[in-house]
Amino acid sequence: MNPTIIYRTLGVLFWGIFVFASSLALLRSGALGSTSNGSTSNGKQNASSLVRYLSGPTQSPLLIDASGELHVGDPVFFEARPGDWSQIGYVSRLSIDDKAVPGYESTHRVQLAWYASDLDPNQCQLTQFYSSGRLDDIVRMLLPTEKRERIQQRLATAFRTHGDAISSAVVPLVEESLRESLPLIEREMHASVARHRSEVDSVASRLNRDVVQERLIPLAKEQLLPIVKRHAEEPAEAIGRELWDRASIWRFGWRAVYDSTRIPNKSKVKEEWQRFVDEEATEVIESHMDELTVAVQRILADVASDPDVRSELAQAVEVVASDTQTRALVQAILKESVVENQALRERWREIWTSEKAIASLSIASDRLEPVVRSIGDEIFGTRDGGIDPDFARVLRNQILGKDRRWLVARPVSGQSVVAHVIRVSHEAMVFPIVYLAEDEHEIEVGQ
């Protein structure tokens, strides 16, 4: 017999026996020995995963990609227990089918490489999750609930301990900054409005026509005036009767005749009116102040509770807020008044770089530095422990563009998934982390 054929046959037999014996030993011993029930279960799971990997994946039927965004290599995860994730497959092939399934517009089809022999893809609901890379997704990845609560607790403890010292050091600087800023912002805002006078007049004229004339005036006539009349009519009539009773027609009459003559210093009617207001009208109004206060309160309550008034005012505000020209004008004025205000920048620089500010910030820094460093270690990791897994996940997502799409398989008991559709989830979810070992002992055993 040819020696080459003999060597090849012996090699194939050797590796076949080695793989079979290793798999059998792993399955029986729970990853070469067990120290606890958890490690035994984990060893058997790793061993069965090894067997599934060596035997190769099965291919799922063509599934409908409702989003049309899946790529080859996007992973499929399964959660055996809360927080216990494993990857059971990935997208292996893409295709486009002209034949649309009723009820679904997408013509994109995908096929999955499936390693979970104990899960039937036809009995699983597959859901696609997507990380957009926006700030809320980054915060969700970087600061899960448990970590966020720990950080909040550390900050609360730090401010309970050093809050008074930090406040006494920083609050005066903030107060001085605000006090010095308001006149500078006001002055620059007047100048900015003057520079945009033509635009302001154009917007005001259009809003007066579209909002005031067409919405607010009809609203006042139809809704507000009846409310005001209902509550204010009685105290107004009472005040009017008392004022009429106190007014002296004779005193006003002869003074009017005096002012109509050619005699100089004709201001007798004005003087009498001022006397009447100071001595008579003010006293009458003050005596009815409680009634006026109650009337105003009732008017405001009815206006606030009237659905037609609230709806019309909301629409008027929405018209102003959604007006493109108005929004652009306000943004321009605010930008010139605050962001590009050079005098404001210089004043802030003087305040926050003064010797007083440096001493105050030094006090606050000494108090907060330990907790800030501990929070940094919590978020980014430590030199001894390495990069934090959540921060590593953010780096993969933002720098490398990884972990943007993934699928989650959930068994559906007693029924097949209709039309094999991969649904798109609108719920927030963080890309799962699959741990290959749970503690140092398992890593050492595996080595």
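Please read these numbers as outputs of a predicted model, since none were measured by experiment. (Residues numbered from 1 in each chain as written. Predicted model: local features only at pLDDT ≥ 70, side-chain atom pairs only at ≥ 80, totals over all residues. Heavy atoms only, no water.)

*Asks:* Could you give an account of the packing of helix 4 (residues 145–195) against helix 10 (residues 324–339), with specific residues and numbers?
*Replies:* At their nearest, the axes of helix 4 and helix 10 sit 8 Å apart, and the two run at 140 degrees to each other. Taken as a pair, helix 4 and helix 10 cross one another with a handedness that is right-handed. Of helix 10, the residues touching helix 4 (which contributes Ile-185, Glu-188, Met-189, Ser-192, Val-193 and Arg-195) are Ala-332, Ile-333, Leu-334, Glu-336, Ser-337 and Val-338. Per-class residue counts for the contact of helix 4 with helix 10 are seven nonpolar, two polar and three charged. (Axes fitted to C-alpha atoms, helices over the stretch in contact; angles between N-to-C directions. Helix = DSSP H or I, 4+ residues; strand = E, 2+ residues; numbered from the N terminus. Left-handed = near helix turned anticlockwise from the far one by under 90°. Contact = heavy atoms within 4.5 Å. Nonpolar A, V, L, I, M, F, W, Y, C, P; charged D, E, K, R; others polar.)

*Asks:* Just give me the short version of the side chain of Arg-405, but keep the residues and values in it.
*Replies:* Here Arg-405 shows up in strand 9 (residues 405–411). Judged by its relative accessible area of 16%, Arg-405 falls in the buried class. Within the structure, the side chain of Arg-405 is placed 2.7 Å from the side chain of His-71, a separation counted as a polar contact. Within the local environment of Arg-405, its side chain forms a polar contact with the side chain of Asp-74, the two groups lying 3.1 Å apart. (Buried < 20%, exposed > 50% of the residue type's maximum accessible area, 1.4 Å probe, protein only. Polar contact = N/O pair within 3.5 Å; in protein donor to acceptor, adjacent residues only side chain to side chain.)

*Asks:* Any details on the nonpolar core? Residues and values, ideally.
*Replies:* Among the nonpolar cores identified, the biggest contains 16 residues, and Val-76, Ile-88, Leu-112, Trp-114 and Leu-126 are the most heavily contacted of them. Contributions of two or more residues to this core are made by strand 3 (75–81), strand 4 (84–96), strand 5 (108–114), strand 6 (124–130) and strand 9. At three residues, the largest contribution of residues to this core is made by strand 5. Setting aside its immediate chain neighbours within four residues, Leu-112 contacts Thr-58, Gln-59, Ser-60, Leu-63, Val-76, Tyr-90, Val-91, Ser-92, Leu-126 and Leu-407. Ile-151, Ala-158, Ile-375 and Val-394 belong to the second-largest nonpolar core, a separate cluster that totals ten residues. (Core = buried A, V, L, I, M, F, W, Y, C linked by side-chain atoms within 4.5 Å.)

*Asks:* With reference to specific residues and values, describe the environment of Ala-236.
*Replies:* Along the polypeptide, Ala-236 turns up in helix 5 (residues 197–246). Considered as a pair, Ala-236 and Glu-291 are 55 residues apart in the sequence and their alpha carbons are 9.5 Å apart.

*Asks:* I'd love a proper account of the layout of surface pockets, names of residues and values included.
*Replies:* Its volume calculated, the second largest pocket comes out at about 320 Å³. Surrounding the second largest pocket, 18 residues form its lining, Pro-75, Phe-77, Arg-396, Asp-403 and Phe-431 being those nearest its centre. Its residues assigned to classes, the lining of the second largest pocket comprises eight nonpolar, three polar and seven charged. (1 Å grid on protein atoms, 1.4 Å probe; cavity = no way out; pocket = protein on both sides within 12 Å on 5 of 7 lines; lining within 4 Å. Points joined across faces, edges and corners; volume = space filled by probe spheres on them.)

*Asks:* Please provide a residue-by-residue account of a negative patch on the surface, values included.
*Replies:* Residues Glu-233, Glu-234, Glu-237, Asp-290 and Glu-291 make up a contiguous surface patch of negative charge. Looking at the negative patch, the elements that each hand over two or more residues are helix 5 and helix 8 (289–305). Of the residues forming the negative patch, the biggest block, three residues, is contributed by helix 5. The residue Glu-233 is located in helix 5 in this model. (Patch = residues over 30% accessible without salt bridge, like charges linked within 9 Å, V, L, I, M, F, W, Y side chains within 5 Å. Areas by Shrake-Rupley, 256 points an atom, 1.4 Å probe, with all protein chains shown as cover. Salt bridge = Lys/Arg side-chain N within 4 Å of Asp/Glu carboxyl O. Lys, Arg positive; Asp, Glu negative; His and termini not counted. Charge placed at Lys NZ, Arg CZ, Asp CG, Glu CD.)

*Asks:* Tell me about the packing of aromatic side chains, residues and numbers included.
*Replies:* In this structure the tally under the stated criterion is five aromatic pairs. Here the aromatic rings of Tyr-90 and Tyr-115 are separated by 6.4 Å at their centres, their planes lie at 40 degrees, and the arrangement is tilted. Note that Tyr-90 is positioned in strand 4 and Tyr-115 in the loop between strand 5 and strand 6, a separation of 25 residues in sequence. One aromatic cluster is present, formed by Phe-77, Phe-129, Trp-406 and Phe-431 through successive ring pairs. (Phe/Tyr/Trp six-rings, centres within 6.5 Å; stacked < 30°, edge-to-face > 60°.)

*Asks:* Summarise the pattern of salt bridges; cite the residues concerned and give the values.
*Replies:* Taken as a whole and judged by the stated rule, the model has 19 salt bridges. Residues Asp-136 and Arg-134 are paired through a salt bridge, measuring 3.9 Å at the closest nitrogen-oxygen approach. For Asp-388, the salt bridge is made with Lys-147, and the minimal N-O distance between the two is 2.8 Å. Separated by 241 residues along the polypeptide, Asp-388 in the loop between strand 8 (386–387) and helix 13 (389–398) and Lys-147 in helix 4 bring together distant segments of the chain. With respect to burial, Asp-388 and Lys-147 carry one shared label: buried. Overlapping salt bridges, with partners in common, bring together Lys-147, Asp-388, Asp-390 and Arg-393 in one network.

*Asks:* Describe unusual backbone geometry, with residues and values.
*Replies:* Across the chain, the bulk of peptide bonds are trans and the bulk of non-glycine residues have phi less than zero. Despite not being glycine, Asp-403 has its phi angle at roughly 55 degrees, a positive value. Following the sequence through the fold, Asp-403 ends up in the loop between helix 13 and strand 9. When its relative accessible area of 12% is taken as the criterion, Asp-403 is described as buried.

*Asks:* Give a detailed account of the pairing of strand 9, specifying residues and quantitative values.
*Replies:* Counting buried positions along strand 9 yields five of seven residues, so the element is predominantly enclosed. Summarising the sheet, strand 3 and strand 9 pair through three bridges and their orientation is parallel. Following the sheet pairing, Phe-78 is matched in strand 9 by Ala-409. The pairing of strand 6 with strand 9 spans seven bridges and is antiparallel. For Cys-124, the partnering residue across the bridge sits in strand 9 and is Pro-411. (Pairing = 2+ DSSP bridges.)

*Asks:* Outline a nonpolar patch on the surface, listing residues and values.
*Replies:* On the surface, Val-212, Leu-216, Ile-217 and Leu-313 cluster together into a nonpolar patch covering about 250 Å² of accessible area. Looking at the nonpolar patch element by element, the count peaks at three residues for helix 5.

*Asks:* Got a sec to walk through the environment of Val-394? Specific residues and values, please.
*Replies:* You can see Val-394 is positioned in helix 13. Expressed as a C-alpha distance, the spacing of Val-394 and Gly-133, which sit 261 residues apart in the sequence, is 8.9 Å.

*Asks:* How would you summarise the pairing of strand 4 if you had to cite specific residues and measurements?
*Replies:* Bridge count between strand 3 and strand 4: six bridges; the pairing is antiparallel. When the sheet's bridge partners are listed, Pro-75 is paired in strand 4 with Tyr-90. Turn length for the strand 3-strand 4 hairpin, with the two strands adjacent in sequence and antiparallel, is two residues, and the turn residue Gly-83 shows positive phi of about 85 degrees. Strand direction decides the pairing type here: strand 4 and strand 5, joined by seven bridges, are antiparallel. Directly across from Val-91, in strand 5, lies its bridge partner Leu-112.

*Asks:* Any chance you could break down the side chain of Gln-111 for me, citing the residues and the numbers?
*Replies:* Position of Gln-111 relative to the elements: it lies in strand 5. Assessed through its relative accessible area of 16%, Gln-111 is described here as buried. Discounting chain neighbours no more than four positions away, the residues touching Gln-111 are Gln-59, Ser-60, Pro-61, Leu-62, Tyr-90, Val-91, Ser-92 and Arg-93.

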